[in-house]
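Each chain, written out:
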Amino acid sequence: MEQSVVELKKELVENARSLIPTLREHGEEIEKTNTLPQAIIEEMKNKGTLKVLRPHLFGGFQTNMRTYTEVVTEISRGNGSAGWFVALSNIRDYMISYTFGEKALSEIYPPGKDVVLAGNFKPIKCNIKKVDGGYFIEEAQWPFVSGSPHADWCYFGFPLVDDNGGIEMAIMVIPRDELEVLDDWYVMGLKGSGSNSCKIQNVFVPEHRVSLDRLASKGHYLIDPLKDVGLYRSSFVPSLTLSIVAPALGLAQAAMDLYMERLPKAGIGNTFYSKQNEAPITHLQVAQAQLKIDSAELHLYRAVDKIDDYADRGIVMDKDEIVKVKADFGYVNQLCKEAIDLLVAGVGSMFTYETNALQRVYRDFLTMHLHGFITPSSLIETYGRILCGQEPNTYFV
């Protein structure tokens, strides 16, 4: 009997949850080697966690943003780098399916191959010319291409001169063997995310592997088999913002897990408390941290469910709703940071060791927290502008 949609979603989330012990076991290895072990990548593929948003047409599960977020949360609870990798790899399935035509998609997703995607929009170097049948890249480079060491295909944004002499953004897809992944990802957190820079020299990109961002963001490239699928009608800007904040809740939950594991064995230095779990200050810190995590979860899934609801009904989310959803995501980021800070305050000097698992969670979270897409002050301020009858102070709506 065919598996129901509800059963499939539950299975995918449970599969992700089952990986938590393995991911935590490999935490130090990921830190030392600066990459996710190939065995972990294969295990995540086998569990279906890398094709949650991929169309049925190309061997994926074609679920929704709620399932995607729950899967990313569980993986992130096991390891931040793995959670970031799963978040970004999956959202690219949504984006690529949304953005390109059947010819390009059939090249990216050959039958029977489990593809990993990577990419970034903004180049730091870009010399691209229009030629007959496509574009010629003389030299270009993009930073922060998360997952690039494991990718089969990459997408990249680049500027184009339009018919009126103005500049607009386009998106192209490139097979892995036509680009160079640079060894430059040496950072304080998310070390295994593979967010390396990518460089391309002297490569021709055919016309069918290029799309205009302004048209893709409005669904103009959506192929016929996907036009009536709710997932691919999901609002573009909120979905991309979600992909950056998606690991936050899982990382905050991981911090709570690790704190509570240590609690029965810990005291509080320079006090009479030989058992930290007997101290009123601990009770206050733990309760406040858990309430912040709970609040973050409520805001996160309120926003995610709104994206899914609009998509299922085929309704375009208006500017005010987009700004509100993004503010929810910014507030999730802020609440998780506050929760983790409370827990770190109760750990003591053991936190200073690089091998301390809670420090790893903290560094992974802080690296994600600083991403410009989800800066709490910016997203919340923009929401306040809307509430006060002003225009948004960002083009990204």
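Just so it is clear, the structure is predicted and the values come from calculations on it, not from any experiment.

Some remarks on the overall build of the protein
For the protein, the count of helices and strands is 14 helices and 8 strands. Its C-alpha atoms give the protein a radius of gyration of 22 Å, near enough to 21 Å, the size a compact globule of 397 residues would have. Across its three principal axes, the protein shows a C-alpha extent of roughly 80 × 50 × 50 Å. Here the analysis covers contacts within the protein between residues at least 6 apart in sequence; of these, 72% occur between residues at least 24 apart. Roughly 17500 Å² of accessible area belongs to the protein as shown, and the carbon and sulfur atoms make up 53% of that amount. Distance from the positive charge centre (40 side chains) to the negative charge centre (51 side chains) of the protein: 3 Å.

Regarding the pairing of strand 2 (residues 125-131)
Bridge analysis of strand 2 against strand 3 (residues 134-145) gives 7 bridges, and the strand direction is antiparallel. Across the sheet, Cys-126 pairs through a bridge with Ala-140, a residue of strand 3. The turn linking strand 2 back onto strand 3 is made up of 2 residues, and Gly-133 within it adopts a positive phi angle of 80°.

Focus: the layout of surface pockets
If you roll a probe as big as a water molecule over the atoms, it shows you where there is empty space left. The calculated volume of the largest pocket comes to roughly 1500 Å³. For the largest pocket, the lining is made up of 50 residues, of which Phe-121, Phe-236, Leu-240, Phe-373 and Phe-396 are closest to its centre.

Looking at the nonpolar core
By size, the foremost hydrophobic cluster in this structure holds 98 residues, and its most contacted members are Met-44, Met-65, Tyr-68 and Tyr-94. Not counting the four nearest positions on each side in its chain, Tyr-94 is found in contact with Leu-53, Met-65, Leu-231, Tyr-232, Ser-234, Ser-235, Phe-236, Ser-239 and Leu-240. Ranked by size, the runner-up nonpolar core spans 22 residues in total, among them Ile-128, Val-145, Ile-174 and Leu-179.

Description of helix 14 (residues 376-387)
Taking 1.5 Å of rise per residue, the 12 residues of helix 14 would be expected to cover 16 Å, and the 16 Å separating its terminal C-alpha atoms lies within 8% of that figure. Looking at the buried residues of helix 14, the elements they touch are helix 12 (319-345) and helix 13 (357-369). One or two positions beyond helix 14, positive phi appears at Gly-389, with a value near 80°.

Side note on the environment of Asp-294
Within the fold, Asp-294 resides in helix 11 (residues 280-313). In sequence terms Asp-294 and Arg-77 are 217 residues apart; their C-alpha atoms lie 15 Å from each other.

Focus: the sheet that holds strand 4 (residues 153-161)
Read across the sheet, 4 strands follow the order 1-4-5-8 without closing on themselves; strand pairing throughout is mixed. Each of the sheet's edge strands pairs with one partner strand only, and the pair in question is strand 1 (117-120) and strand 8 (210-212). Going from strand to strand, the sheet's axes swing by 25° on average, the running direction of each strand aside. Where strand 4 meets strand 5 (residues 167-175), 9 bridges bridge the pair, whose relative direction is antiparallel. Paired with Val-161 across the two strands is Ile-167, which belongs to strand 5. Of the strands in this sheet, strand 1, strand 4, strand 5 and strand 8 touch helix 6 (residues 80-99), which is tilted by about 80° from strand 1.

Concerning the environment of Leu-298
Here Leu-298 lies in helix 11. Leu-298 gets classed as exposed once you look at its relative accessible area, which sits at 64%. With 89 residues separating them in the primary sequence, Leu-298 and Leu-387 have C-alpha atoms 21 Å apart.

Things to note about the side chain of Ser-97
Examined against the element boundaries, Ser-97 turns out to sit in helix 6. Overall, the relative accessible area of 0% leaves Ser-97 in the buried class. A distance of 2.7 Å separates the side chain of Ser-97 from the backbone oxygen of Asp-93, its partner in a polar contact. Setting aside its immediate chain neighbours within four residues, Ser-97 contacts Pro-55, Leu-105, Tyr-109, Leu-222, Leu-226 and Tyr-232.

Parameters at a glance
- Residues numbered from 1 in each chain as written.
- Predicted model: local features only at pLDDT ≥ 70, side-chain atom pairs only at ≥ 80, totals over all residues.
- Heavy atoms only, no water.
- Helix = DSSP H or I, 4+ residues; strand = E, 2+ residues; numbered from the N terminus.
- Rg over C-alpha atoms; globule rule 2.2 N^0.38 Å.
- Contact = heavy atoms within 4.5 Å.
- Areas by Shrake-Rupley, 256 points an atom, 1.4 Å probe, with all protein chains shown as cover.
- Lys, Arg positive; Asp, Glu negative; His and termini not counted.
- Charge placed at Lys NZ, Arg CZ, Asp CG, Glu CD.
- Pairing = 2+ DSSP bridges.
- 1 Å grid on protein atoms, 1.4 Å probe; cavity = no way out; pocket = protein on both sides within 12 Å on 5 of 7 lines; lining within 4 Å.
- Points joined across faces, edges and corners; volume = space filled by probe spheres on them.
- Core = buried A, V, L, I, M, F, W, Y, C linked by side-chain atoms within 4.5 Å.
- Buried < 20%, exposed > 50% of the residue type's maximum accessible area, 1.4 Å probe, protein only.
- Expected span 1.5 Å × (residues − 1).
- Axes fitted to C-alpha atoms, helices over the stretch in contact; angles between N-to-C directions.
- Polar contact = N/O pair within 3.5 Å; in protein donor to acceptor, adjacent residues only side chain to side chain.

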